[in-house]
Each structure stands twice: as structure tokens, then as C-alpha cells.
Amino acid sequence: MSIYDTLNEPQREAVLHTDGPLLILAGAGSGKTRVLTHRIAYLIEEMGVNPWNILAITFTNKAAGEMRQRVDDLVGFGSESIWVSTFHSMCVRILRRFIDRLGYDNRFTIYDTDDQKTLMKAVCKKVDIDTKQFKERMLLSVISSAKNEMILPEEFEMNAGGDFAQLKIAKVYREYEAQLKANNALDFDDLLVKTVQLLQTQPDVRENYQERFRYIMVDEYQDTNTVQFKLVSLLAGKYRNLCVVGDDDQSIYKFRGANIRNILDFEKEYPDAKVIKLEQNYRSTENILNAANGVISNNKGRKDKTLWTANGEGQKICLKQFDTAYDEAEFIAEDIKKEVRDGASYNDSAVLYRTNAQSRLLEEKFIAMNIPYKIVGGINFYARREIKDILAYLKTVDNGQDDLAVRRIINVPKRGIGLTTINRIQEAADARGISFYDALLAPEMIPGAGRSAAKLNSFAALIEYFKGQAEKESLTDLLNEILDMTGYTQNLEADDEIDAESRLQNIEELLNKAAAYEEDCEDRDEKATLSGFLEEVALVADIDSLEEDQDYVVLMTLHSAKGLEFPHVYLAGVEDGLFPSYMTITGDDPEELEEERRLCYVGITRAEQKLTLTCARKRMVRGETQYNRISRFISEIPPELLDTGRSSAERAGGAGNTYSGDSGFGNADGIGGGAFAGTGRGGSFGKAYGAAGKKPFTALTKGSQLTAQKSDKLSYGVGDRVRHVKFGEGTVLDIKEGGRDFEVTVEFDTAGVRKMFAMFAKLVKI
DNA sequence: CGGTCACCAGTTTTT
DNA sequence: CTGGTGACCG
């Protein structure tokens with residue numbers, strides 16, 4: 001009896017087919033990770049392949065970690081030398097070694113979307129673009145699409161023909177690239193593009209990696225884009241032992257450049273490819289699966305396959321419509337409470353939705369009802385202002401060439417260096433063709449900087465000091481020193497009392513992550529470096545922090561939920577105009593609607609035992625009330641699978657749950673006549689949820705405890721005179737016992753009345 | 001230079 | 001409703 005006997009027939013076939021191209025069409029829940037891990041084990045144990053020669057590419061760091069763990073469990077040794085990583089981290093690793101061949105410094109920094117936007121602003125200013133006409137976001141998205149198709153500025157310009165707008169964009173593209181390079185920075189797309197360029201132009205590098213990666217596996221292949229396809233083709237070009245796994249029905253990243261043709265045309269690209277379909281689902285009940293099949297069968301042009309399961313029929317799918325989104329949230333929260341009372345755990349449930357903004361109401365209800373939860377997504381931890389500030393210090397210390405980072409922190413905390421001075425430095429830098437930081441080192445060369453020279457000097461001295469320290473001390477020590485010497489922590493506490501606590505907690509969290517990184521390096525016998533940390537930090541996704549063994553309800557978008565599974569899934573906001581989104585309904589591209597349908601399919605198939613669909617008749621969106629019908633996708637589910645709960649009258653009067661099994665959307669019932677209120681403006685994205693500083697509940701997240709301890713007793717009391725670093729002397733008016741800390745109200749002699757947390761205010765009795 | 005106030009524009013999904 | 005931006009004043 002070997003470990004391979006536990007596989008079903010097609011699974012085993014996929015594991016045993018080791019040489020040559022292989023396409024595994026793996027339906028949802030059909031055990032594809034199992035196949036991949038067993039295949040790796042088989043390669044190592046039975047085929048004698050050196051783990052060193054295996055590359056497995058996954059979609060997220062979390063998936064990579066899990067895969068490595070599972071291979072570890074199977075093989076027991078050698079698994080640490082398998083390369084398991086995401087496309088992006090793999091590229092960074094290659095580029096750190098070889099990007100100097102393309103004329104970059106190997107210590108390049110990585111720009112996130114926020115940085116890109118800042119850079120684009122500067123570009124538009126320089127190229128004299130009216131940002132009313134060409135929005136930064138639109139420009140960036142055009143450039144990103146171009147990069148995803150490997151179209152460089154020159155070609156883009158040629159393609160423009162005589163089109164005035166396109167030529168203008170070409171100019172922006174060119175300048176954007178120039179500035180990235182000047183800052184020694186790469187954006188996310190560049191990581192892939194540059195790696196492909198490297199492999200294309202440097203035969204020895206290509207040869208090196210082709211030899212190394214003799215066996216390549218790519219997970220979630222349906223979501224690869226054109227550059228990723230090129231990259232994989234290049235790497236697999238010599239040995240052609242390429243195994244791709246995916247499900248065309250779960251392709252949901254078109255907006256990010258994913259090209260569904262990569263999987264649909266795999267057999268054309270590799271005519272000798274073996275194709276294996278995994279159609280038995282081990283995850284869900286029959287009812288859930290049939291609902292999913294019902295929905296997805298409305299899509300055209302998909303690979304023919306039908307999922308089946310030997311699991312029982314299971315419960316019916318619960319569908320409830322409410323009057324308001326508020327009622328919807330309340331129901332979900334109460335339902336989860338009820339299940340927990342009946343013996344379920346919180347982490348048996350997940351709430352999925354189309355847009356991040358929907359998390360807010362749910363979060364409020366969960367807090368009110370004391371349900372532990374974790375929100376995945378929204379604003380990335382590393383995109384928070386305070387985190388970006390601190391990271392900008394690290395970047396500046398690490399790589400003075402990143403103008404964006406330097407400009408970000410030159411006056412944070414306030415040092416009296418204003419915009420005028422910053423612009424003068426920039427002009428001087430541009431004029432001399434040097435970096436912003438280098439220009440600032442010599443204020444005497446900057447015309448008109450006279451009065452600011454002293455301030456600039458002390459800023460430069462501070463950074464230079466940190467640079468020296470970076471050589472000598474550990475990352476965490478450096479971080480602490482930066483926080484301390486810049487006065488960042490103190491200023492934060494002083495600036496806005498409301499947000500201070502959560503921001504300081506985030507900084508604590510960052511310190512924890514730095515410490516974890518150092519430990520990690522120690523375990524792996526590598527040197528913990530500043531750039532190493534910055535790089536790790538640049539490529540994490542929020543989903544990576546999800547921990548299955550923690551007992552909380554997970555809230556996230558359908559996109560984030562891909563690859564996960566839960567006993568009970570709530571799919572919230574199944575309304576026309578929200579899901580499918582307003583944009584796809586009004587747009588005339590039927591492919592977009594198909595992608596939304598695939599998203600729906602992904603959502604349904606996350607559920608193992610129970611699926612609850614909820615929607616609201618009206619909902620507030622951007623301050624306006626929207627009136628929505630039940631999602632068209634619901635009518636694609638065979639009606640006999642649905643339990644509308646109509647008999648079990650939940651609530652007397654209004655907010656009941658009515659749903660007529662018929663086609664359901666002849667008329668919008670009610671106000672407004674149309675299905676939507678609100679005017680559809682050009683689609684775009686950005687920060688979707690999360691009011692200022694509103695921090696998702698992270699108290700349950702491992703390692704988020706504050707290191708600063710709440711003291712039992714304060715050294716001062718009401719009426720005492722105290723001194724604050726920034727505000728000077730004052731009198732304590734009030735001390736309130738808070739959850740984690742004392743909230744102290746002080747009337748300062750010069751700065752007025754302020755509330756602050758004792759832990760951070762460091763008040764001294766005088 | 002920095003703070004405050006008023007106005008305006010915006011939101012699908014993310015490595 | 002909210003965050004970002006621009007004008008104005010201390």
C-alpha cells in the first residue's frame with residue numbers, strides 16, 4: 001500500500017504522467033492540491049528527481065506555504081530545496097541576482113499601487129497632462145495592460161498610429177518607465193516583464209534556469225496572463241516537463257490581465273500535451289454542486305466537464321431576501337450565533353461578498369454581537385499610511401535612489417520642510433541628473449534653499465546615521481531607533497488622538513513582522529537584510545495571514561476566497577447591480593458577465609455542507625439608496641434546490657423573505673422603476689472600505705499583542721502636574737480605565753486639552 | 001510653513 | 001458619506 005493508492009483513477013494518472021506537457025483540468029474541490037503534492041512526492045521518491053530541479057508556482061504565498069508543508073509531510077526530506085513560490089516572488093528572486101544585466105541596480109525597490117499613483121502624478125505634471133482628461137488610474141491601467149501583453153513604450157507608440165490620445169499615453173508610458181528606472185524601482189508588472197526580458201536576452205541565464213527547473217508545475221493556470229505564459233514557456237523551453245493545473249470555470253482575474261486562452265489553448269500550444277480531467281468533487285454536497293453546475297452551464301465556450309460527487313444530497317440551499325442590507329447583516333450574524341449555540345465553531349463559517357465595501361455593515365453587526373471575525377482584504381496592511389511611512393524610512397536607508405520614499409518622509413514627522421523647498425530640491429536634482437536624496441545632501445547647491453538648509457542638513461544627518469546603524473545593528477533595533485529618533489511614535493500620538501491607538505498597534509505589528517522575519521532568516525541560516533525584509537513585505541497578500549486554526553468567522557471578497565473551503569458559506573448581496581456588478585450589466589461585453597458568473601461559481605463551490613444566499617431590496621451605496629432585484633444568477637439555480645424559508649415565517653411584517661421561484665425579474669418591484677439608482681460613472685477602483693483608521697479586528701491574529709504593557713498603576717493621578725515630550729507641562733484632568741490602556745485627559749499650559757493613551761504618551765510626573 | 005475650511009469627485013474584483 | 005485637493009489665513 002503506497003501513498004498513491006489513495007488517489008482516484010484520473011488523479012493517479014496525473015501523478016504518474018511525469019514527462020512532457022500535461023494539462024490537468026481540475027474542477028472545484030476535485031483534489032488538485034493533492035495531485036500536485038503527490039506528483040512532487042512521486043517525482044522525488046519514485047523517479048529519483050532531485051528536489052532542487054522542481055519548481056511549483058502557486059497563486060499566493062499562503063498556497064505556497066501549504067504546498068511545501070504537505071509535500072514535507074509526504075516526503076519527509078529534501079522538500080526545502082523545492083522552489084515553491086508565487087510568480088512575483090520567483091521573479092524577484094531571479095532579478096535580485098541578474099537584473100544588473102538589464103542596467104538596473106540589484107537593490108531595486110518594488111512599487112505598490114499607491115507608489116505607482118504618486119509616481120504617475122509626477123509624470124503627468126512633467127509631461128503636462130491634464131489629469132482631468134486622463135485620469136492617473138486610467139493611465140496606469142492602460143500601461144499595466146500593455147505590460148501584461150509585453151508591449152513596451154516603443155511598440156505602444158507605433159500601435160498608436162495617428163491617434164492623438166494614444167500618442168499622449170505613449171508619451172506618459174515612456175516617461176513613467178524612465179522615472180521608474182531613475183528611482184531604481186519596478187512595479188508589479190515589471191517584475192514579470194523584466195524577468196522575461198532577462199531570459200530572452202541572456203542565453204546563459206536562460207540556460208541556467210532551464211537546467212535547474214526540469215520539472216515545472218503551475219497552479220491556477222486559468223489566471224495566468226500573457227507575460228506569465230511567456231515566462232513559463234521560456235523556463236520549460238528545454239525539458240518541456242510542464243504540468244499546468246487549472247479550471248477554466250474559475251478564471252476570475254481578467255481585469256488583471258489574466259488570459260483565459262492560456263488554458264483553453266494549451267493543447268494548441270503543446271500538441272503533444274496529455275489532458276486529464278478531474279471531475280469528482282470531494283468537497284461539497286450534491287445540492288451545492290448541482291446549484292453550481294446550474295449556474296456555470298449558462299457560460300459559453302468552456303471546456304466540457306461535469307462535476308459529480310459521491311457525497312450525499314445534503315441540505316437545501318438557503319435563500320433569503322431582506323428589506324435592507326442592515327437586516328441582511330443582522331440575519332447572518334444571528335444565524336452564525338445560532339449555529340455556534342448548536343455546536344458549530346466560528347471558523348466553520350465564512351461570509352463572501354462581491355465588494356469590500358459590504359464588509360462594513362457586517363463588521364458592525366459582528367462587533368455588536370461579539371462574534372470573533374477577521375476581514376481579509378480591503379486596505380492591505382502594508383498600504384496603511386503609518387506602515388508606508390516607516391517602510392519609506394527603511395527604503396531611504398536601504399536605497400537612497402528611491403525619490404518617492406525620500407519625498408514621502410522628508411517632512412514626516414513635520415520638520416518644517418515645505419512643498420516649496422521640496423520642489424526646489426527636485427528641480428536641482430533634475431537639473432543635475434542626480435537623485436533627490438543626493439541633491440538634498442548638498443543644500444548649498446540648491447538655489448533659494450537658504451533658510452531651509454539647516455533643516456535639510458539635520459534630516460540628511462539623521463538618515464546617514466541610520467545608514468551607519470543599519471550596518472551594525474539588527475533590523476528590529478534599527479526600526480526602534482527610527483521610530484524613536486524621528487519622534488514618529490510621539491507625533492502620531494499627538495497628531496490625531498482618535499486614530500493613534502490603532503496606528504500604533506499597526507506599528508507594533510510591523511515590529512513583530514520584522515522580528516519574525518529575522519527569526520525566519522536565522523532558521524534558514526540566511527542573513528536578515530533590510531532589502532530582504534522590504535521585499536518580503538512588498539509581495540504579501542492579505543489572504544496570506546489567514547490562519548485556519550483560529551476560531552473566527554472569515555469575511556472576504558469572492559476573489560479572495562478562491563482556493564478556500566468552509567463548511568458553511570454565506571454569499572451576501574446576491575443582487576443584480578451588485579453581483580453581477582452594475583458595470584457588467586450596463587456594459588455591452590457579454591464576456592464580463594460570464595466572468596461574474598464564474599465568480600458566482602467560485603463562491604458556491606467554496607461551501608462544503610451548507611450554502612446561504614442573502615440579498616437586500618435596498619442598500620446604501622455611496623450615500624444613495626439603491627434598489628436591487630435578486631441576482632439573475634439565482635434564477636439559474638434549479639428552483640427545487642432552494643429553500644426560501646417562506647413557510648417558516650421568520651419575521652412578522654416587513655423584512656421577511658420572499659422569493660418566487662419563477663424567473664423573478666420581470667419588473668423591478670418597487671421604487672425607482674429601474675433596477676438601480678445611482679448613476680454609472682466610469683468604473684474604477686481604489687480604497688473600497690475602511691473609514692479612517694478603522695482597523696479590522698486583529699486581536700485574534702497571532703503575534704498582534706502589544707509589547708508595551710498596560711501598567712496596573714500610573715505614576716500620576718488626577719490633578720497632578722505632568723510633562724509631555726511635545727506639549728510640555730500640564731495638569732491631569734481625568735483618567736479613564738480603557739480596555740487596553742488608561743486614557744488620560746490633560747490640560748496643557750500651551751497646547752490645550754488633549755486626550756491620550758498612557759502607554760504611548762509617556763507622561764512624567766513633575 | 002502649516003493648519004483649517006470648503007468643495008468636488010468617486011467605488012468591482014488584486015499579485 | 002468620505003477622502004483628497006485647493007484656497008486662504010495665522
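This is a predicted model, so every value here is computed, not measured.

### Looking at the overall build of chain A
So, point 1. Secondary structure assignment for chain A yields 29 helices and 23 strands.
So, point 2. When the 766 residues of chain A are sorted by exposure, 54% land in the buried category.
So, point 3. Partitioning the contacts of chain A with sequence separation of at least 6, the portion at a separation of at least 24 is 74%.
So, point 4. Accessible surface for chain A amounts to roughly 33400 Å². Of this, 49% is attributable to carbon and sulfur atoms.

### What about the environment of T557?
So, point 1. Within the secondary structure, T557 sits in strand β14 (residues 553–557).
So, point 2. Each C-alpha atom of the pair T557 and E501 lies 27 Å from the other, and the pair is 56 residues apart in sequence.
So, point 3. Not counting residues up to four positions away in its chain, the partners in contact with T557 are Y353, R354, T355 and N356.

### Here's the deal with the domain arrangement of chain A
So, point 1. Structurally, chain A comprises domain 1 (3–99 + 192–278), domain 2 (109–183), domain 3 (308–378 + 545–643), domain 4 (381–539) and domain 5 (720–765).
So, point 2. On a C-alpha basis, the centres of domain 1 and domain 2 stand 32 Å from each other.
So, point 3. Listed as interface residues are twelve residues of domain 1 and, on the opposing side, seven residues of domain 2.
So, point 4. Of all residues in domain 1, the largest losses of buried area upon contact with domain 2 belong to V193, T226 and V227, amounting jointly to 43% of the total for that side.
So, point 5. Viewed at the interface, domain 2 and domain 1 are joined by zero salt bridges.
So, point 6. Where domain 1 touches domain 2, the interface holds four residue pairs in polar contact (both at pLDDT 80 or more).
So, point 7. Looking at the side of domain 1 that touches domain 2 element by element, the count peaks at five residues for helix α9 (residues 188–201).
So, point 8. Of the residues that constitute the side of domain 1 that touches domain 2, the class distribution is four nonpolar, five polar and three charged.

### Some thoughts on the sheet that holds strand β8 (residues 274–278)
So, point 1. If you trace the six strands from one edge of the open sheet to the other, you get β3-β2-β6-β7-β1-β8, paired in parallel fashion. Every interior strand has two partners, whereas the edge strands, β3 (83–86) and β8, have only one. Averaged over all neighbouring strand pairs, the angle between strand axes comes to 15 degrees, with direction disregarded.
So, point 2. Direction of pairing for strand β1 (residues 22–26) relative to β8: parallel, over a ladder of five bridges. Counted as the bridge partner of L22 is K274 from β8.

### Things to note about the state of the cysteines
So, point 1. In total, this model carries zero disulfides according to the counting rule given.
So, point 2. In this structure C615 is not part of a disulfide, and its nearest cysteine sulfur, from C318, lies 11 Å away.

### Re unusual backbone geometry
So, point 1. Cis geometry is found at the peptide bond from V412 to P413, where omega equals -5 degrees.
So, point 2. As for its placement among the helices and strands, P413 is situated in the loop between α18 (403–409) and α19 (419–432).
So, point 3. Cis peptide bonds are those with omega within 30 degrees of zero, and the linkage from F579 to P580 qualifies with 5 degrees.
So, point 4. Within the secondary structure, P580 sits in the loop between β15 (566–572) and α27 (582–586).
So, point 5. Positive phi values are uncommon outside glycine, yet M150 reaches one of about 60 degrees.
So, point 6. Checked against the element boundaries, M150 lands in the loop between α6 (136–148) and α7 (153–160).

### Regarding the packing of α9 against helix α11 (residues 226–236)
So, point 1. The N-to-C vectors of α9 and α11 enclose an angle of 30 degrees; their axes lie 9 Å apart at closest approach. Crossing hand, α9 versus α11: left-handed. Touching L192, V193, T195, V196, L199 and Q200 of α9 are V227, Q228, K230, L231, L234 and L235, all from α11.
So, point 2. Tallied by class, the residues present in the contact of α9 with α11 amount to eight nonpolar, three polar and one charged.

### Brief notes about the packing of aromatic side chains
Here the distance between the centres and the angle between the planes together describe a pair of aromatic rings.
So, point 1. This model, assessed by the stated rule, comprises 15 aromatic pairs.
So, point 2. A centroid spacing of 5.3 Å and a plane angle of 90 degrees characterise the contact between Y4 and Y42, whose relative ring orientation is edge-to-face. Taken together, the residues Y4 in the segment before α1 (9–16) and Y42 in helix α2 (residues 32–45) connect sequence positions 38 residues apart.
So, point 3. Given a relative accessible area of 7%, Y4 falls into the buried group.
So, point 4. For Y42, a relative accessible area of 15% corresponds to the buried category.
So, point 5. Ring geometry for Y465 versus F466: centroids 6.0 Å apart, planes at 55 degrees, classification tilted.
So, point 6. A residue is classified by how much of its surface remains accessible, and Y465, at 33% relative accessible area, is partly exposed.
So, point 7. The exposure class assigned to F466 is buried, which follows from its relative accessible area of 0%.
So, point 8. Among the aromatic side chains, those forming a connected cluster through ring pairs are W83, F98, Y209 and F213.
So, point 9. Residue placement shows R212 over the ring face of W52; its charged tip is 3.4 Å from the ring centre.

### Structural notes on the UniProt feature "binding site: ATP" (unreviewed entry) in chain A
So, point 1. Annotation from UniProt places "binding site: ATP" (unreviewed entry) at A26, G27, A28, G29, S30, G31, K32 and T33.
So, point 2. Locating G27 in the fold gives a position in the loop between β1 and α2.
So, point 3. Overall, the relative accessible area of 4% leaves G27 in the buried class.
So, point 4. Ignoring sequence-local partners within four residues, the contact set of G27 consists of D247, Q250, L278 and L307.
So, point 5. Relative to the elements of secondary structure, K32 occurs in helix α2.

### Looking at the side chain of S30
So, point 1. Looking at the secondary structure, you find S30 in the loop between β1 and α2.
So, point 2. Here G27 takes part through its backbone oxygen, which lies 2.7 Å from a polar atom of the side chain of S30.
So, point 3. Each residue touching S30, except ones within four places of it in the same chain, is listed here: Q11, L278, Q280, N281 and Y282.

### Some remarks on helix α14 (residues 286–296)
Structurally, the α-helix is built with 3.6 residues per turn, so residues lying three or four positions apart point the same way.
So, point 1. Burial analysis of α14 places nine of its eleven residues in the buried class, which makes it a mostly covered element.
So, point 2. Those residues of α14 that are buried lie in contact with β9 (280–281), β10 (308–309), β11 (317–324), α28 (590–604) and β16 (607–621).

### Description of the side chain of S531
So, point 1. Mapped onto the secondary structure, S531 falls in helix α25 (residues 530–538).
So, point 2. When its relative accessible area of 17% is taken as the criterion, S531 is described as buried.

### Focus on the packing of helix α5 (residues 113–127) against helix α8 (residues 164–182)
So, point 1. Orientation of α5 relative to α8, taken along the N-to-C sense of each, is 120 degrees, at an axis distance of 9 Å. In terms of orientation, α5 lies oblique with respect to α8. Both α5 and α8 take part in a crossing whose hand is right-handed. Only K171, V172, E175, Y176, Q179 and L180 of α8 make contact with α5, whose side of the interface consists of Q116, L119, M120, A122, V123, K126 and V127.

Rules of the game
- Residues numbered from 1 in each chain as written.
- Chains lettered and ligands numbered in written order.
- Predicted model: local features only at pLDDT ≥ 70, side-chain atom pairs only at ≥ 80, totals over all residues.
- Heavy atoms only, no water.
- Helix = DSSP H or I, 4+ residues; strand = E, 2+ residues; numbered from the N terminus.
- Buried < 20%, exposed > 50% of the residue type's maximum accessible area, 1.4 Å probe, protein only.
- Contact = heavy atoms within 4.5 Å.
- Areas by Shrake-Rupley, 256 points an atom, 1.4 Å probe, with all protein chains shown as cover.
- Domains from an automatic or database assignment.
- Buried area = accessible area lost by both parts, 1.4 Å probe.
- Salt bridge = Lys/Arg side-chain N within 4 Å of Asp/Glu carboxyl O.
- Polar contact = N/O pair within 3.5 Å; in protein donor to acceptor, adjacent residues only side chain to side chain.
- Nonpolar A, V, L, I, M, F, W, Y, C, P; charged D, E, K, R; others polar.
- Pairing = 2+ DSSP bridges.
- Axes fitted to C-alpha atoms, helices over the stretch in contact; angles between N-to-C directions.
- Disulfide = S-S within 2.5 Å.
- Left-handed = near helix turned anticlockwise from the far one by under 90°.
- Phe/Tyr/Trp six-rings, centres within 6.5 Å; stacked < 30°, edge-to-face > 60°.
- Lys NZ or Arg CZ within 6 Å of the ring centre and 35° of its normal.
- UniProt positions renumbered as here; feature names shortened; annotations may be inferred.
- Parallel < 35°, antiparallel > 145°, perpendicular 65-115°, else oblique.

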